[in-house]
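Breakdown of the fold
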Amino acid sequence: MAREHIPSACPEPSGLSGPVRTCVGCRKRAAKDELVRVTVGSDAQGHPAVVPDPAATAPGRGAHLHPTSECYELAVRRKAFGRALRVTTGLSSAPVGEYVAAIDSTAPHP
């Protein structure tokens with residue numbers, strides 16, 4: 001017997017059009033263009049690290065994050081980058097932290 005689709009069990013975020021992604025920090029759904037994509041790359045010393053991919057053009061698995069220090073810190077605390085990117089070894093997330101800090105410092109505060 002086929003399962004019946006229950007619309008209330010899969011609510012669509014209201015007001016979102018286009019692709020929707022989940023932030024690995026706060027776990028809230030948002031439009032893809034509101035989030036920054038991160039991938040596995042290399043830091044300045046050539047070690048594996050989580051790096052920002054704002055153009056969303058890098059090959060391979062990616063994860064999405066609100067470009068705020070709160071979501072970044074939540075993702076680091078929850079060890080969400082390694083899980084979302086399916087990497088078992090410890091990755092440095094410093095490049096993403098620097099990117100988010102630069103965005104936070106230029107964003108207007110209310």
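About the criteria used
- Residues numbered from 1 in each chain as written.
- Predicted model: local features only at pLDDT ≥ 70, side-chain atom pairs only at ≥ 80, totals over all residues.
- Heavy atoms only, no water.
- Helix = DSSP H or I, 4+ residues; strand = E, 2+ residues; numbered from the N terminus.
- Buried < 20%, exposed > 50% of the residue type's maximum accessible area, 1.4 Å probe, protein only.
- Contact = heavy atoms within 4.5 Å.
- Expected span 1.5 Å × (residues − 1).
- Core = buried A, V, L, I, M, F, W, Y, C linked by side-chain atoms within 4.5 Å.
- Arc of directions from axis to C-beta.
- Lys, Arg positive; Asp, Glu negative; His and termini not counted.
- Salt bridge = Lys/Arg side-chain N within 4 Å of Asp/Glu carboxyl O.

A closer look at the overall build of the chain
Assigned secondary structure in the chain consists of 3 helices and 5 strands. Each helix (α) and strand (β) of the chain, taken in turn from the N terminus, gives the series β-β-β-β-β-α-α-α. Within the chain, buried positions represent 28% of all 110 residues. Sequence-distant contacts in the chain: of pairs separated by 6 or more residues, those separated by 24 or more amount to 56%.

Some thoughts on the environment of Ala55
By the element assignment, Ala55 lies in the loop between strand 4 (48-52) and strand 5 (62-65). Classification of Ala55 as exposed rests on a relative accessible area of 55%. Sequence separation of Ala55 and Val36 is 19 residues, and the distance between their C-alpha atoms is 8.5 Å.

What to know about helix 3 (residues 94-106)
Think of an α-helix as turning once every 3.6 residues; residues three or four places apart then point the same way. Helix length check: helix 3 (13 residues) gives 19 Å between terminal C-alpha atoms against 18 Å at 1.5 Å per residue, within 8%. Taken as a whole, helix 3 has its buried residues at Pro95, Val96, Gly97, Val100 and Asp104. Where helix 3 is buried, its residues meet strand 3 (36-42), strand 4, strand 5, helix 1 (69-77) and helix 2 (80-84).

Quick word on the nonpolar core
One recurring pattern in soluble globular proteins: nonpolar side chains tend to sit buried together. Among the nonpolar cores identified, the biggest contains 17 residues, and Val24, Leu65, Phe81 and Val96 are the most heavily contacted of them. In terms of residue count, helix 1 provides more of this core than any other element does, 3 residues in total. Sequence-distant contacts of Val24, that is, excluding residues within four places in its chain, are made with Ala63, His64, Leu65, Ala75, Arg78, Ala80, Phe81 and Ala84.

Details of helix 1
The set of residues buried in helix 1 consists of Cys71, Tyr72 and Ala75. Buried residues of helix 1, viewed axially, fall in a sector of 100°; they line one side. Seen from the open side of helix 1, the exposed residues pointing more than 90 degrees away from its buried face are Glu70 and Arg77. Structurally, helix 1 contributes buried residues whose contacts are with strand 5, helix 2 and helix 3. Where helix 1 terminates, the next one or two residues include Lys79, which has phi positive at roughly 55°.

Structural notes on the side chain of Asp104
Examined against the element boundaries, Asp104 turns out to sit in helix 3. Within the buried core, Asp104 has no salt-bridge partner, and the shortest N-O distance to an opposite charge, that of Arg77, equals 13 Å.

Observations regarding the pattern of salt bridges
One pass over the structure, following the stated rule, counts 1 salt bridge. With a shortest N-O distance of 2.6 Å, Arg37 and Asp53 are connected by a salt bridge. Separated by 16 residues along the polypeptide, Arg37 in strand 3 and Asp53 in the loop between strand 4 and strand 5 bring together distant segments of the chain. Residue Arg37 is classed as buried on the basis of its relative accessible area of 11%.

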